[in-house]
Amino acid sequence: MHRFFIFILSLCAVVNYLHTNEVILSLVEYGIESDTIDWILLQAEQLTPDSIQICDGSEEEYQTLIKQMVQQQTLIPLNQTLRPGCYLARSHPKDVARVEEKTFICSDKKQDAGPTNNWADPIEMKQIMGEDFQGCMKGRTLYIVPFCMGPLKSKYARFGIQLTDSPYVVVSLKTMTRMGRKALEQMEGKSIVRCLHSMGCPLEPGAIDSAWPCNPEKLAIAHFPKTREVWSFGSNYGGNALLNKKCFALRIASTLGLDEGWLAEHMLILSVTNPEGKKRYFTAAFPSACGKTNLAMLESPLPGWKVEVVGDDIAWLHWSEDGSSLRAINPEAGFFGVVPGTSEKTNAIRTIATNTIFTNVALLPNGDVWWEGKTDTPPPMAIDWQNNPWDPSKTTPAAHPNSRFCVAAHECPNIDQTWQDTNGVEISAIIFGGRRASTIPLIREAFSWEHGVFLGASISSETTAAATGTVGKLRHDPFAMIPFCGYNMADYFSHWITFGLQGANPPKMYAVNWFRKNSNGEYLWPGFQYNIHVLKWIFERCEGSVKAKPTAIGLIPKKLDLDFASILGIKGSYEELFAVKKHEWEKEYSALSTYFSSFGNEFPDELWLQYQELVQANGQ
Ligand code: SAT
Ligand code: MN
């Protein structure tokens, strides 16, 4: 008790806010451990906010923050008849995507971050960023946001507290996590990931605030795996600022998984139901902005076949206690999806009809929103994402290519009824994919778990607008985790291999490529809803009801098992979609050999073996 009063007194001294003692009191009442309260107290002392608010996650709190942001012009209400509960936010033009070069893994040893991460010494990083955090919430409110990742009461759920000065982040966290009181109620005795975030824009008295405060010059996102902490400064956008998502649920969670024997993956989770009513669940890993959300929300054109969504971005994978099945949970509670390309022909469109916050799309005179690909003909009089009249004849897009929607999972008409199952769902197949104009066939099945891990480790993909930097450049992105693995990727590969051997019945594994092009630069495969044909084949392989054709690079479908005649708009033949071109594969193997070698001696022998077998099988 004595300690407790010291907390209150010192906090009251640094933050001139009457509410503070109530805040601390409620944290104590909820059983939040004193070292976490200590941490909050220390942060409040250095951040010097004008006020502190502990977020309860209520509808009332959400609406109050929305109202405040509308006044501040951070949010523009859309036409509430056409799009009830929807708003538009326009970010600062320099704060539009994840910034990988400013994202750091601060493990004690550089070796533990591995060759694919930016490493920084944790003590030095805390010193440098600590100076920026000093006084950075002046004139603002410090929001204390407790949240749960995963279904409440699930043994797989994990907890975090994000401290932030951004109301946009608070409302987004309400959509993306189980946030507030319901999380606090479960937190007693649990370890808590500490997430510290500031937009980095202190407000002097009387100064006019901007609609999207941020500080791109000082932007940094640092992860401290040993102490399970994330510090993020200067950005208000997506994965840079919603620290629950890539920072916690992937980078920090991947290190928890390494220590505890599970996997945190950049994967969607979906179910496929066949015409007889049998349901199977698959996960699929694709790099950001390669269509995960649309695949998860696929509306099947194949009679009798149904796809439903459990998650669109992150999966936590554990073996069941008896090792008999691989279980997956979606740690998130909402979708933060790429908007451009979403149309009546694709699948996410119905999810974002109501209660959605759009960021960086175009505004129409009738108060609706528009983006590239929504309709075939661009509308007249659109206002672009930067609030300028948009000229469709110019090459600049109306919506930013990384514009996003933020919407709760329960808004999705095809959400799977088991999506919040505390035991997770049983996974029958794991799919890896990338965006590849050549070389990689539409689909192939791995010969074994080790071969599947090799397929995951071999993913390369053309870069997209989800991260700042060049778009369309081919880069290795093993398991679609290059920006998200919180430790040495060579250890991650080994962890995958041993993980598969721990269960009795590991899922089948696949590699897909929707993006192969012909010599005219046209996509061979129409993608979107037609991906059901590929999911159906995987389903039937899991059932054992179709045979596959062996090739040197994996098992592929027989021509008759993919019903090409019913696929409208297909540009490629079976032969083109599955062609294995020797000169392309020579290039592929040489690139892989150089890449795998960059991991040095840490790179697992099992994967070198896979590599050698494949090269030999291809006669090279
Ligand atoms: O990291 S974000 O959530 O901003 C988007 C992504 O890369 O998938
Ligand atoms: Mn993602």
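Calculation criteria
- Residues numbered from 1 in each chain as written.
- Chains lettered and ligands numbered in written order.
- Predicted model: local features only at pLDDT ≥ 70, side-chain atom pairs only at ≥ 80, totals over all residues.
- Heavy atoms only, no water.
- Buried < 20%, exposed > 50% of the residue type's maximum accessible area, 1.4 Å probe, protein only.
- Helix = DSSP H or I, 4+ residues; strand = E, 2+ residues; numbered from the N terminus.
- Pairing = 2+ DSSP bridges.
- Donors = N, O, S within 2.8 Å, 3.2 Å for Na, K, Ca; no water.
- Axes fitted to C-alpha atoms, helices over the stretch in contact; angles between N-to-C directions.
- Parallel < 35°, antiparallel > 145°, perpendicular 65-115°, else oblique.
- Left-handed = near helix turned anticlockwise from the far one by under 90°.
- Contact = heavy atoms within 4.5 Å.
- Nonpolar A, V, L, I, M, F, W, Y, C, P; charged D, E, K, R; others polar.

## A short note on the pairing of strand β23 (residues 425–433)
Then, number 1: Taken across its nine residues, β23 has eight buried, putting it largely inside the fold.
Then, number 2: One ladder, built from five bridges, connects strand β14 (residues 279–285) with β23; its direction is parallel. In the sheet register, Y281 faces β23, and the bridge partner there is I427.
Then, number 3: Here two bridges tie strand β17 (residues 326–329) to β23, and the two strands are oriented antiparallel to one another. Across the sheet, residue A328 finds its bridge partner in β23, namely V425.
Then, number 4: Taken together, the five bridges between β23 and strand β27 (residues 508–512) define a ladder with parallel strand orientation.

## A short note on the coordination of the manganese ion (ligand 2)
Then, number 1: For the manganese ion (ligand 2), the protein coordination sphere consists of K246 (NZ), H266 (NE2) and D313 (OD), at 2.0 to 2.2 Å.
Then, number 2: Read in sequence order, the donor residues coordinating the manganese ion (ligand 2) give the pattern K-x19-H-x46-D. Note that H266 is positioned in the loop between β12 (263–265) and β13 (267–273) and D313 in the loop between β15 (306–311) and β16 (315–319), a separation of 47 residues in sequence. The pair H266 / D313 is uniform in exposure class, with both members buried.

## Observations concerning the pairing of β13
Then, number 1: Taking burial as the measure, the seven residues of β13 include seven buried ones, the bulk of the element.
Then, number 2: Residues of β13 alternate between two faces, with M267, I269, S271 and T273 on one and L268, L270 and V272 on the opposite face, all of them buried.
Then, number 3: Two elements, β13 and β14, share seven bridges in a ladder whose sense is antiparallel. For M267, the partnering residue across the bridge sits in β14 and is A285.
Then, number 4: Bridge count for β13 against β15 is five bridges, and the pairing is antiparallel.

## Observations regarding the packing of helix α12 (residues 449–457) against helix α13 (residues 489–501)
Then, number 1: Interhelical geometry of α12 versus α13 gives an angle of 150° and a closest axis separation of 10 Å. By the criterion of interaxial angle, the relationship of α12 to α13 is roughly antiparallel. Considering only the axes of α12 and α13, their crossing is right-handed. In this structure, α12 uses W449, E450, V453 and A457 to contact α13, whose residues at the interface are F493, W496, I497, F499, G500 and L501.
Then, number 2: Residue classes in the contact of α12 with α13 are distributed as eight nonpolar, one polar and one charged.

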